[in-house]
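If you want the building blocks of each chain, they are given just below.
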Amino acid sequence: MNNSEIKHSLKLAGQLMELHGDNPFKTRSYTSAADVVGGLDVELATLSEKEILAIDGLGKSMAANIADLLHSGSFEGLNQLMDKTPVGVIEMLGISGFGPKKVAVLWQEGGAETLDDLLTMCDQGKVAALKGFAEKSQETLRAAVSFLIGNRFRERYANVEAVVATLQTLIADLPSVEQCQETGQTRRRLEVIDQIELLVVAEDFEEAREQISQLTGLEVDERKSSPMAWYGKHVGVKPPIKIHFADSDSAINRLIETTGSIEHLNLPTTDQTSIKSALKKGRFVSEEAFYQSIGMKPIVPELREGRREGDWATQDRLPQLIEMSDLKGILHNHSTYSDGKHTLRQMAEHCKQLGYEYLGISDHSQTAVYANGLPDFRVKQQQEEIRQLNEELAPFKIFSGIESDILTDGSLDYSEEILASFDFIVASVHSGLNMDIQKATDRLLKAIHNPYTTILGHMTGRLLVQREGYPVDHRAIIDACAETGVVIEINASPYRLDMDWRWIEYALDKGVKLSINPDAHKMDGYKDMYYGLQVARKGGLTANDNLNSMNLAEITAFFASKRNKK
DNA sequence: ATCGCAAACGATCTTAAAGGGAACTTTAA
């Protein structure tokens, strides 16, 4: 078990204790132990019991729980709590906006044991009748529960990536299988996956199907499976799996057919038919050969969504999509000054080691007390440390920034004097997320028009599969960024991937720059830029339109010119 | 349950918004 799994178990134990009305101080000790574990930069599995006991916030009981977790994947206290809580009620703890206390009422007073029970109770008006609930809460609950139910079989891309790779290898190694290739949504790098698809090349489909069904972890769904397709699922993986079969002659045709979205396959071709019907006219030896046969330049899988790629490919105007090697520096990162796991020095040295030219540090601002946000004097301390590190690490450069909360009224979180002391400012909303579209848009517009704002951070506050973002008028916001020269972040955390890639096209039309930012809270977090890059490519982003593709000299000039416009 | 001060025990404290219900509880960043 790794730290993040241990953290998850301790947090769950804390939530369940609160649900069952345990001593609040005992409850809190579990929650805070979970936080402590989350903040460690060394794996608990590598520590002795004595070393674990020496960690502040982890005492005798917690050390024993951790030992049990490492040994058996659970601990007695957690097992007991799980035993007396229905699975559906545990699922309710994930409802955004409703915590353990409210869930306890819904379960014990209202009798709900599943998410579906809750919807029924909302329909019957029974939720509004419960103590501590009323009309408004009932509707908020209905929306949050519907969202969770709608996402029951959907998963973030990053969480299925490894399973897809493992399955691919396992299946390719089966004696009856010639080749196994990723296709469908994951091949297109969609941010949320509701079906995993693979294409198997084999002579004898029947035999291949049977061997696949034998693989550990896979469960076949006999009813849905057919001679041409295996349907089923993998233990612990939410989206269902569909495996297509093809002989080697038709493999490329099947790959193209299963990779593109329906909208892509329906795109018109110059002969008045569609991609889909063109595929039926022959067997192709490569994807490139197929697209050329219909007068199109080859289209990479990420772009096959049925948007503008058909026209681009026909007119030879496909964008030169951004690549990892186009990223020259890393912006929007946290350190131990606020809620990051690693020190400023560690973050900088690691960034430099990876070959980047610069790092933009933007810890949380003072209002974010829960994240140890920086008051004025700590901003100054950090800037002094940055100055010293810059001397030492030159020519590598750390830019001093801040992730300033956009307060409820749309203003930033410091005085003019402090705001003016930063090289760049990421402005993001972190609190008061419950807004209508008018209020949210006005709040963001005011922040965009603040002359100190350099980058607009995670635009909608969404958490994929967990929580809907607040609604915003994307056009109005992008237009304002065009007017003010504010850069829009593509937050690369696989939980967010916000702004949504579907709006990149509009932003590029308006001449707005984007920035692929990892929002890293630890050194390892830099890797998330990969996920941001995938969705950026889906949106047609090129290196030219991406802020952190600038080299050090260019971005230094960019920050300076933005500051001089004030 | 943990910590700190002290030797068995007491204190444990982010804060603001929101909703429900008329002073407070719950939630979430």
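Residues numbered from 1 in each chain as written. Chains lettered and ligands numbered in written order. Predicted model: local features only at pLDDT ≥ 70, side-chain atom pairs only at ≥ 80, totals over all residues. Heavy atoms only, no water.

**Comments concerning the protein's contact with DNA strand B**
Part 1: Taken together, the neighbourhood of DNA strand B is formed by 33 residues, with Gly57, Gly97, Gly99, His430 and Arg467 sitting nearest.
Part 2: Backbone atoms, meaning sugar and phosphate, form 82% of the atoms of DNA strand B found within 4 Å of the protein.
Part 3: Between DNA strand B and Gly97 there is a distance of 2.4 Å, counted from a phosphate oxygen to a backbone nitrogen or oxygen.
Part 4: Only α2 (24–39), α4 (60–72), α7 (100–109) and α9 (135–150) provide two or more residues apiece to the surface near DNA strand B.
Part 5: No other element matches α2, which puts five residues into the surface near DNA strand B.
Part 6: Per-class residue counts for the surface near DNA strand B are 13 nonpolar, eleven polar and nine charged. (Near = heavy atom within 4 Å. Polar contact = N/O pair within 3.5 Å; in protein donor to acceptor, adjacent residues only side chain to side chain. Helix = DSSP H or I, 4+ residues; strand = E, 2+ residues; numbered from the N terminus. Nonpolar A, V, L, I, M, F, W, Y, C, P; charged D, E, K, R; others polar.)

**Looking at the pattern of salt bridges**
Part 1: In this structure the tally under the stated criterion is 27 salt bridges.
Part 2: For Arg304, the salt bridge identified is with Glu287, shortest N-O distance 2.9 Å. A residue pair is termed long-range when its members are at least 10 positions apart, and Arg304 in the loop between α16 (287–293) and α17 (309–314) and Glu287 in helix α16 qualify at 17 residues. Comparing Arg304 with Glu287, the two get one shared label, buried.
Part 3: We note a salt bridge from Glu302 to Arg537, for which the minimum N-O separation is 2.6 Å. Here Arg537 lies in helix α24 (residues 529–538) and Glu302 lies in the loop between α16 and α17, a separation of 235 residues in the sequence. Arg537 carries the same exposure label as Glu302, and that label is buried. (Salt bridge = Lys/Arg side-chain N within 4 Å of Asp/Glu carboxyl O. Buried < 20%, exposed > 50% of the residue type's maximum accessible area, 1.4 Å probe, protein only.)

**Topic: the sheet that holds strand β11 (residues 424–428)**
Part 1: The sheet built from seven strands is open, its strands ordered β8-β9-β10-β11-β12-β13-β14 with parallel pairing. Edge positions in the open sheet fall to β8 (329–333) and β14 (514–517), since each of these has one partner strand only.
Part 2: Bridge count between strand β9 (residues 358–364) and strand β10 (residues 397–405): seven bridges; the pairing is parallel. In the sheet register, Ser362 faces β10, and the bridge partner there is Gly401.
Part 3: In the packing of helix α18 (residues 344–353) onto the sheet, contacts are made with β8, β9 and β10, and the angle to β9 comes to roughly 150 degrees.
Part 4: The sheet contacts of helix α19 (residues 376–393) involve β9 and β10, and relative to β10 the element is tilted by about 160 degrees. (Pairing = 2+ DSSP bridges. Contact = heavy atoms within 4.5 Å. Axes fitted to C-alpha atoms, helices over the stretch in contact; angles between N-to-C directions.)

**Some thoughts on the sheet that holds strand β7 (residues 241–246)**
Part 1: The strand order β2-β4-β7-β6-β5 describes an open sheet built from five strands, whose pairing is mixed. This sheet does not close on itself; its edge strands, each paired only once, are β2 (177–183) and β5 (218–220). The average undirected angle you get between the axes of adjacent strands in this sheet is 30 degrees.
Part 2: Summarising the sheet, β2 and strand β4 (residues 196–202) pair through six bridges and their orientation is antiparallel. Its bridge partner lying in β4, Val177 is registered against Ala202.
Part 3: Along the sheet, helix α12 (residues 205–214) makes contact with β2, β4, β5, β6 (229–234) and β7, crossing β7 at roughly 155 degrees.

**Examining the environment of Gln315**
Part 1: Locating Gln315 in the fold gives a position in the loop between α17 and β8.
Part 2: Since its relative accessible area comes to 45%, Gln315 is described here as partly exposed.
Part 3: Put simply, Gln315 and Met296 are 19 residues apart on the chain and 7.7 Å apart in space, counted from C-alpha to C-alpha.
Part 4: A polar contact of 2.8 Å, which involves the side chain of Gln315, links it to the side chain of Arg317.

Honestly, it's all geometry; don't read function into it.
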